[in-house]
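Coordinate analysis (summary)
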Amino acid sequence: PDARLAFILEDTGALILITQQRYADRFAGFAGGMLLLDSDADALAAEPRTDPAHNIEARNLAYVIYTSGSTGLPKGVEVSHGNLADFLASADEAFPRAPGRGSAVFSSIAFDLPIPSLLLPLLQGKEVVLLGSSGPAGIEALARLFARGDSLSTLKLTPSQLELLVDALKRTGGQIDVGTLVVAGEPFSGRLARIALRNCTPRTRLINEYGPDRKSTRLNSSHITIS
């Protein structure tokens with residue numbers, strides 16, 4: 001909503017907003033500079049392609065992510081480069097490297113769920129497939145990817161998205177061909193875990209990463225990891 005976007009820009013004290021021409025009118029009240037990726041494309045293309053000089057340290061801010069605000073105003077959580085690097089290093093250790101293109105991202109990057117799917121493959125020298133939608137269209141695109149025989153090294157999604165993916169595969173055919181399938185964001189039931197494994201290739205390792213739920217899914221399977 002426009003009011004939430006305006007609040008975040010004011011709360012962060014943002015100096016520059018990067019967007020596109022079709023969204024510019026939504027930020028008419030923004031006092032900082034605005035960079036339009038489409039309208040300013042020619043000027044951007046003329047910029048040097050070399051890495052800019054910087055003095056970024058581990059303690060410097062990498063990004064701010066906002067809570068839903070369901071109990072009041074949204075609260076910004078500051079994540080430093082050191083925080084992010086430590087998290088990705090632990091993910092690289094916890095999620096076994098496996099053959100495949102890399103990962104697929106279909107959730108909004110304004111949410112914390114896709115961070116490992118977006119950045120971890122790049123650190124491992126692999127590819128990121130951007131599917132462009134966190135809704136049914138993104139799930140359908142992911143199902144078509146598997147239906148044509150593509151394989152991924154890592155995939156992270158919520159149980160709700162996993163259930164939609166299984167349903168979509170019934171229409172498109174194919175299996176979830178992923179080395180490490182990470183499920184997070186919501187409680188993960190044993191029922192859904194069993195359904196998921198029946199729709200995965202034998203190489204798939206399934207990891208339940210949902211921390212707040214103390215009733216952990218426990219299955220007698222070497223392909224299940226509870227973290």
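Our subject is the structure listed above.
Here we summarise the structure given alongside this text. (Residues numbered from 1 in each chain as written. Predicted model: local features only at pLDDT ≥ 70, side-chain atom pairs only at ≥ 80, totals over all residues. Heavy atoms only, no water.)

1. What about the pairing of strand S8 (residues 178–183)?
Along S8, six of the six residues are buried, which leaves the element largely enclosed by surrounding structure. The pairing of strand S7 (residues 152–157) with S8 spans five bridges and is classified as parallel. Note on S8: the bridge partner recorded for Lys 156 is Val 182. Viewed along the sheet, the connection from S7 through helix H6 (residues 159–172) into S8 turns out right-handed. As defined by bridge partners, S8 adjoins strand S9 (residues 205–208) across four bridges and the pair is classed as parallel. Across the sheet, residue Thr 180 finds its bridge partner in S9, namely Arg 205. A crossover links S8 with its parallel partner S9, the connecting element being helix H7 (residues 190–198), and its sense is right-handed. (Buried < 20%, exposed > 50% of the residue type's maximum accessible area, 1.4 Å probe, protein only. Helix = DSSP H or I, 4+ residues; strand = E, 2+ residues; numbered from the N terminus. Pairing = 2+ DSSP bridges. Right-handed = clockwise from strand over helix to strand, strands pointing away.)

2. Quick look at the pairing of strand S6 (residues 127–130)
As defined by bridge partners, strand S5 (residues 102–105) adjoins S6 across four bridges and the pair is classed as parallel. Bridge pairing links Val 105 to Leu 130 in S6. Traced from S5 through helix H4 (residues 115–123) to S6, the parallel crossover comes out right-handed.

3. Structural notes on helix H3 (residues 81–94)
With 14 residues, H3 extends 20 Å between its outermost C-alpha atoms, agreeing within 8% with the 20 Å of an ideal straight helix rising 1.5 Å per residue. Every buried residue of H3 is listed here: Gly 82, Leu 84, Leu 88 and Ala 91. Of the surrounding elements, those touching the buried residues of H3 are strand S3 (61–66), strand S4 (76–80) and H4. (Expected span 1.5 Å × (residues − 1). Contact = heavy atoms within 4.5 Å.)

4. Focus: helix H5 (residues 136–147)
With twelve residues, H5 extends 16 Å from end C-alpha to end C-alpha; this agrees with the ideal 16 Å at 1.5 Å per step. Where H5 is concerned, the buried positions are Gly 138, Ile 139, Ala 141, Leu 142, Ala 143, Leu 145 and Phe 146. Elements in contact with the buried residues of H5: S5, S6, S7, H6 and S8. Backbone geometry just downstream of H5 places Gly 149 in the positive-phi region, at approximately 95°.

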